[in-house]
Amino acid sequence: MKLLGLVAVIITGSLLLYASGDFPAWGDANSPANSNQQVSVRYIQDSYAKTKTPNEVTAVLADYRGFDTMFETVVIFVAGIAIIAILSFLGEPNKPRGGDIEEHPETPDLIIVQTCKLVIPIIQLFALYVVAHGHYSPGGGFQGGVMFGASLILWALACGLPAALKRLSEPRALVLSAIGIIIYAGWGFLCMLLGGNFLEYAFTDPLLPEGVEKAHSHGMLIVEIGVAFTVTAIMFVIYANLSSRGRLKGGL
Amino acid sequence: MIWQFDIIILLFLVVTALISLRLKDLLGASIVFGIYSFLICLLWAEMGAVDVAFTEAAVGAGVSTVIMIATVYNTKRRSKD
C-alpha cells in the first residue's frame, strides 16, 4: 500500500512538473493573464471607478466574483456541520473512544485569565476593524472572522471550554453561522427584488442613495459582515468539538 | 522583491515541509507546520499579495495550528507510519 502510494505520488508529481513547462514565464507581459484584452487589466484600470473601493482584491473577491465567495462561505459552514456530524457519530456521547479525558481539576490561573481579559477586547476590536476596513486595506470578512473566532478560542484555552461555551453556546454559534450566510444570500436576493441580477449591488442604490458606485461599496461591506459572522462561529465550533471529542465539556 | 530573501525563505519552506512530514511526534509536526505557514505568509507578503498573506497568517499559522494541537491532544501523540 505504501509502495502504491509512492508510485501514485511520483506519477502525479512528474505529470505536474511536465505540465508546468507550459506555463508562461513569470511576469511575462504577453501571457494571457497580463495582455490587454484580458480581465485582469480591466480590474486594475476600472475597478476603482466602478466600485469606489481602493482595495482591488476585495473588489474582485466580493463584487466581480461575489457568487464564488458566497459558496466559499457555504463550504466553511458545511465543514463545521460535517465535523459536528462525524464527532457525534463516533461512539456514544458519554463514553468516547480511547478512554476518558479529565475535567479541568484546578481553577484557571489568575495571571493567564487577567492577561486574556486585557488582550481579548483588543483582538476583537482589531477583528472588527479588519472586517469594516476590508475594502480600504488588506483584510475582510474571512480574516476578521478568523481573528474574532481566535479570541473566543483564546478564552476557551485560558478558562476551559465550559467558560467559553457560556459566552457562546454551540446552538447559538450555529444559528450565528447560518445568519451569516442568510445575510450574504439575502443581500443577493434583495438585489433581485429591486430589479437586478443576483448580487448585482448597483440595484440597491435606492436604499442608500449615494450613487451606483457607492452602492457596490456598501454591498461589499454587508457581504463581508455576513462572511465574518459565519467564519467566527464556525471556527469556534470546530475548536470546541475537536478539543473535546464532540462532548463539549472538559477539553483542553 | 529581494531575490536573496526569496531564496532563503524558500529553502526554509522546503526544510520545514520535509521535517513536518518526517516527524513521528505529531505535536512537533503540527508546530513545524505552523512555522511553514508563517514562512509562506512571509513569502506572499514579500511578493506583494498582502491579502493572501494576511489570510495565511490568521488561518494557517494561527487557528489551524491550535485546532491541530487540540486534535493531537485528543488522539495519539505518536504517528505509526
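Okay, so let's go over this structure. (Residues numbered from 1 in each chain as written. Chains lettered and ligands numbered in written order. Predicted model: local features only at pLDDT ≥ 70, side-chain atom pairs only at ≥ 80, totals over all residues. Heavy atoms only, no water.)

1. Considerations on the overall build of chain B
Each helix and strand in chain B was counted, giving three helices and zero strands. Secondary structure elements in chain B, listed N-terminal to C-terminal, are α-α-α. Dimensions of chain B, computed from C-alpha atoms along their principal axes, come out at roughly 40 × 20 × 10 Å. Here chain B, with 81 residues, has 36% of them falling under the buried criterion. For chain B, the distance from the average position of its 6 positive side-chain charges to the average position of its 6 negative side-chain charges is 23 Å. (Helix = DSSP H or I, 4+ residues; strand = E, 2+ residues; numbered from the N terminus. Buried < 20%, exposed > 50% of the residue type's maximum accessible area, 1.4 Å probe, protein only. Lys, Arg positive; Asp, Glu negative; His and termini not counted. Charge placed at Lys NZ, Arg CZ, Asp CG, Glu CD.)

2. Considering the overall build of chain A
For chain A, the count of helices and strands is nine helices and zero strands. Secondary structure elements of chain A occur, N-terminal to C-terminal, as α-α-α-α-α-α-α-α-α. Over its C-alpha atoms chain A spans a radius of gyration of 23 Å, topping by over 25% the 18 Å that the globule rule assigns to 252 residues. C-alpha extents for chain A along the principal axes are approximately 65 × 60 × 35 Å. Burial status across chain A gives 38% buried among its 252 residues. Looking at chain A as shown, the accessible area adds up to about 14,400 Å², and 70% of this sits on carbon and sulfur atoms. Distance from the positive charge centre (15 side chains) to the negative charge centre (19 side chains) of chain A: 9 Å. (Rg over C-alpha atoms; globule rule 2.2 N^0.38 Å. Areas by Shrake-Rupley, 256 points an atom, 1.4 Å probe, with all protein chains shown as cover.)

3. So, the packing of helix α3 (residues 56–64) of chain A against helix α9 (residues 212–243) of chain A
All names here are of chain A. Relative orientation of the contacting elements α3 and α9 amounts to 80°, with a least axis distance of 9 Å. In this view, α3 runs roughly perpendicular relative to α9, as classed from their interaxial angle. On the side of α3, the interface is formed by Thr-58, Ala-59, Ala-62 and Asp-63, while α9 contributes His-216, Met-220, Val-223 and Glu-224. For the contact of α3 with α9, a count of residues per class yields four nonpolar, two polar and two charged. (Axes fitted to C-alpha atoms, helices over the stretch in contact; angles between N-to-C directions. Parallel < 35°, antiparallel > 145°, perpendicular 65-115°, else oblique. Contact = heavy atoms within 4.5 Å. Nonpolar A, V, L, I, M, F, W, Y, C, P; charged D, E, K, R; others polar.)

4. A short note on a positive patch on the surface
On the surface, A:Lys2, B:Arg22, B:Lys24 and B:Arg78 cluster together into a patch of positive charge. Within the secondary structure, B:Arg22 is located in helix α1 (residues 3–22). On the basis of relative accessibility, which here comes to 69%, the residue B:Arg22 falls in the exposed class. (Patch = residues over 30% accessible without salt bridge, like charges linked within 9 Å, V, L, I, M, F, W, Y side chains within 5 Å. Salt bridge = Lys/Arg side-chain N within 4 Å of Asp/Glu carboxyl O.)

5. Considering a nonpolar patch on the surface
Residues and elements named next belong to chain A. A contiguous nonpolar surface patch, about 610 Å² in accessible area, is contributed by Leu-3, Leu-6, Val-7, Ile-10, Ile-11 and Leu-15. Take Ile-11: it is sitting in helix α1 (residues 2–20). With relative accessibility at 48%, the residue Ile-11 sits in the partly exposed group.

6. With respect to the packing of helix α6 (residues 141–159) of chain A against helix α3 (residues 50–74) of chain B
In contact at an axis separation of 10 Å, α6(A) and α3(B) are set at 25° when each is read in the N-to-C sense. If you check the angle between α6(A) and α3(B), you find them roughly parallel. You can see that α6(A) and α3(B) cross each other, and the crossing is left-handed. Contacts between α6(A) and α3(B) involve A:Gln143, A:Val146, A:Met147, A:Ala150, A:Ile153 and A:Leu157 from the first element and B:Asp51, B:Phe54, B:Thr55, B:Ala58, B:Val59, B:Val63 and B:Val66 from the second. A breakdown of the residues in the contact of α6(A) with α3(B) according to their chemical character gives ten nonpolar, two polar and one charged. (Left-handed = near helix turned anticlockwise from the far one by under 90°.)

7. A closer look at the interface of chain B and chain A
Listed as interface residues are 16 residues of chain B and, on the opposing side, 25 residues of chain A. Buried surface at the junction of chain B and chain A, both sides included, amounts to about 1,700 Å², of which 75% is carbon and sulfur. It is B:Asp51, B:Phe54 and B:Asn74 that lose the most area in chain B upon contact with chain A, and together they represent 36% of the buried surface on that side. Inspection of the chain B/chain A interface yields zero salt bridges. By residue number, the principal contributor to the side of chain B that touches chain A is α3(B), which donates 13 residues. Looking at side-chain class alone, the side of chain B that touches chain A contains eleven nonpolar, three polar and two charged residues. (Buried area = accessible area lost by both parts, 1.4 Å probe.)

8. With respect to the pattern of salt bridges
Residue and element names in this part refer to chain B. As enumerated under the stated definition, the model contains two salt bridges over all chains in all. With a closest N to O distance of 3.0 Å, Arg-77 and Asp-25 form a salt bridge. With Arg-77 in the segment after α3 and Asp-25 in the loop between α1 and α2 (26–47), this residue pair connects regions lying 52 residues apart in the sequence. Exposure remark for Arg-77: the relative accessible area of 45% places this residue in the partly exposed category.

9. Digging into unusual backbone geometry
All names here are of chain A. A positive phi angle, near 55°, is found at Lys-52, a position not held by glycine. Tracing the backbone shows Lys-52 in the loop between α2 (39–51) and α3. The phi dihedral of Leu-199 falls on the positive side, at around 65°, and the residue is not glycine.

10. Examining the environment of A:Arg42
Residues and elements named next belong to chain A. Here Arg-42 lies in helix α2. On the basis of relative accessible area, Arg-42 is assigned to the partly exposed category, the value being 48%. Separated by 99 residues in sequence, Arg-42 and Gly-141 have C-alpha atoms that sit 24 Å apart. Look past the residues within four positions of Arg-42 in its chain and what remains in contact with it is Ser-47 and Lys-50.

11. Quick notes on the nonpolar core
Ranked by size, the top nonpolar core spans 44 residues in total, and within it A:Trp155, A:Tyr201, A:Phe236 and A:Tyr239 carry the most contacts. Of all the elements in the fold, those that place two or more residues in this core are α3, α4 (66–89), α5 (110–132), α6, α7 (161–167), α8 (170–193) and α9 of chain A together with α3 of chain B. At 13 residues, α9(A) tops the list of elements feeding residues into this core. If we ignore the near neighbours within four places in the chain, the residues touching A:Phe236 are A:Leu152, A:Ile153, A:Ala164, A:Leu165 and A:Leu168. Within the second largest apolar cluster, five residues are counted, among which are B:Ile9, B:Leu13, B:Ile40 and B:Leu43. (Core = buried A, V, L, I, M, F, W, Y, C linked by side-chain atoms within 4.5 Å.)

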